[in-house]
Amino acid sequence: MHWVLLFLVACSAGEPSSTKTADTHTPGTPDPDTSAPPLEHAFTFAVITDTHVTREGESLDRMNQAVDWLVAESDAQDIELVFILGDIAWGGGFELARASLDRLPVAWVPIQGDNPIQVGDEAKFQPTFASQLSTLSDTLPGWRLAPSPVDNPEREALSYLHNFAFDHGPVRFVGLDWNTREVHPLWGETPDTHDFDGGTLPFLRDELTALADGPDGRLIVLTHMPMFFGPGGYDEPEATALIDTLAIRPGAVQHNLCG
């Protein structure tokens, strides 16, 4: 079956303790910080990815097994959100995958992947999940979904980018569509920043600019394509633009979870 990854979100709680403790640190090393409040469990979220459902068969069976586990364990594991990080389905698999995910007892959030784009099914993602995205907009605080499709001047065509953000507990989650719109057996597996009006990098810039100052100003970024520089990743100009964007709020991005 597909692995189900669980992530525990913890945050500081309560006032710093003023209790004195014995000095047990090693001489010559910095004093430990005894004033920081302890971390407390905030919530748990789950990730599944690359279910690759195209028809009835093995991929759908594995997806259903993952969903079955989440249905059975969501209460015991304190799971409040499920993210499906791309390549969920294409071809004849969209409705099958949607029916499986509809069984989840908690909010679930779909992410666009590269494979549907490469086989010409990019435009099927949002209609398939439109009602779920509407539900999320009504139930998740701070929900923001970028307009789509947008004019992509790099491809001289419309691109159905899927960029969104919302708040949950102490964290802002940001879903970013880095999937290239170049259809190619090799380059189609690489990311693009989509740095144009209505694109992905401007969406991230807006989120970082609006992010609150202080310890609550933190993001978990959800993508299918990972954010990295080098072969199979961003080229140098794209990586530089991304680094400059992240510098708007240094350290704000806590994690990049990807497919």
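Residues numbered from 1 in each chain as written. Predicted model: local features only at pLDDT ≥ 70, side-chain atom pairs only at ≥ 80, totals over all residues. Heavy atoms only, no water.

## As for unusual backbone geometry
And then number 1: The residue after Ser 148, namely Pro 149, is reached through a cis peptide bond having omega 5°.
And then number 2: Along the chain, the position of Pro 149 falls in the loop between strand S5 (144–145) and strand S6 (150–152).
And then number 3: Positioned with a positive phi, Asp 78 is a non-glycine residue whose angle comes to about 60°.
And then number 4: Tracing the backbone through its elements, the reader meets Asp 78 in the loop between helix H1 (58–73) and strand S3 (79–84). (Helix = DSSP H or I, 4+ residues; strand = E, 2+ residues; numbered from the N terminus.)

## Here's the deal with the packing of aromatic side chains
And then number 1: Evaluated as defined, the whole model comprises 12 aromatic pairs.
And then number 2: Summarising the aromatic geometry, the rings of Trp 178 and Tyr 234 are spaced 5.8 Å apart at their centres and angled 85° between planes, so their arrangement reads as edge-to-face. Taken together, the residues Trp 178 in the loop between strand S9 (171–176) and helix H5 (200–210) and Tyr 234 in the loop between strand S10 (219–223) and helix H6 (236–246) connect sequence positions 56 residues apart.
And then number 3: According to the relative accessible area criterion, Tyr 234 is buried, its value standing at 1%.
And then number 4: Grouped by ring-pair contacts, the aromatic residues Phe 43, Phe 45, Phe 83, Trp 143, Phe 164, Phe 166 and Phe 173 constitute a single cluster. (Phe/Tyr/Trp six-rings, centres within 6.5 Å; stacked < 30°, edge-to-face > 60°. Buried < 20%, exposed > 50% of the residue type's maximum accessible area, 1.4 Å probe, protein only.)

## Some thoughts on the confidence of the model for the protein
And then number 1: Averaged over all residues, the pLDDT of the protein is 88; the fraction at 70 or higher stands at 86%.
And then number 2: Segment residues 12–27: pLDDT under 50, and 15 contacts once partners within four positions in sequence are set aside and those in other chains are kept. (pLDDT = per-residue confidence, 0-100. Contact = heavy atoms within 4.5 Å.)

## Brief notes about the side chain of Glu 122
And then number 1: One can find Glu 122 in the loop between helix H3 (114–118) and helix H4 (125–139).
And then number 2: Overall, Glu 122 belongs to the buried group, its relative accessible area being 12%.
And then number 3: A polar atom in the side chain of Glu 122 sits 2.5 Å from the backbone nitrogen of Tyr 160.
And then number 4: One polar contact links Glu 122 to Arg 181, side chain to side chain, over a distance of 2.9 Å.
And then number 5: Residues contacting Glu 122, with those up to four places away along its chain left out, are Gln 112, Pro 116, Ile 117, Ser 159, Tyr 160, Leu 161 and Arg 181. (Polar contact = N/O pair within 3.5 Å; in protein donor to acceptor, adjacent residues only side chain to side chain.)

## Quick look at H1
And then number 1: If you check H1, its first and last C-alpha atoms are 23 Å apart, about what 16 residues at 1.5 Å a residue would give, namely 22 Å.
And then number 2: Listing the buried residues of H1 in full gives Ser 59, Leu 60, Met 63, Ala 66, Val 67 and Leu 70. Here the buried residues of H1 occupy an arc of 120° about the axis, which is enough to place them on one side. Of the residues in H1, the exposed ones pointing more than 90 degrees away from the buried face are Glu 58 and Ala 72.
And then number 3: Among the structural elements, strand S2 (39–48), S3 and helix H2 (94–101) are those in contact with the buried residues of H1. (Expected span 1.5 Å × (residues − 1). Arc of directions from axis to C-beta.)

## A word on the packing of H5 against H6
And then number 1: Running from amino to carboxyl end, H5 crosses H6 at an angle of 15°, the nearest separation of the two axes being 9 Å. On the basis of their axis angle, the class for H5 and H6 is roughly parallel. Where H5 crosses over H6, the handedness of that crossing is right-handed. On H6, the residues touching Leu 201, Leu 204, Arg 205 and Leu 208 of H5 are Ala 241, Leu 242, Thr 245 and Leu 246.
And then number 2: Looking at the contact of H5 with H6 residue by residue, the classes come out as six nonpolar, one polar and one charged. (Axes fitted to C-alpha atoms, helices over the stretch in contact; angles between N-to-C directions. Parallel < 35°, antiparallel > 145°, perpendicular 65-115°, else oblique. Left-handed = near helix turned anticlockwise from the far one by under 90°. Nonpolar A, V, L, I, M, F, W, Y, C, P; charged D, E, K, R; others polar.)

## Describing the nonpolar core
And then number 1: Within the largest apolar cluster, 23 residues are counted, with the highest numbers of intra-cluster contacts made by Leu 70, Val 82, Ile 84, Ile 88, Leu 101, Leu 104 and Trp 108.
And then number 2: Those elements that provide at least two residues to this core are S2, H1, S3, H2 and H4.
And then number 3: When residues of this core are assigned to their parent elements, the largest contribution, five residues, is made by H1.
And then number 4: The residues contacting Leu 104, other than those within four sequence positions of it, are Val 67, Leu 70, Val 71 and Val 82.
And then number 5: Counting 20 residues, the second-largest nonpolar core is a separate cluster that includes Ile 111, Leu 136, Leu 140 and Ile 220. (Core = buried A, V, L, I, M, F, W, Y, C linked by side-chain atoms within 4.5 Å.)

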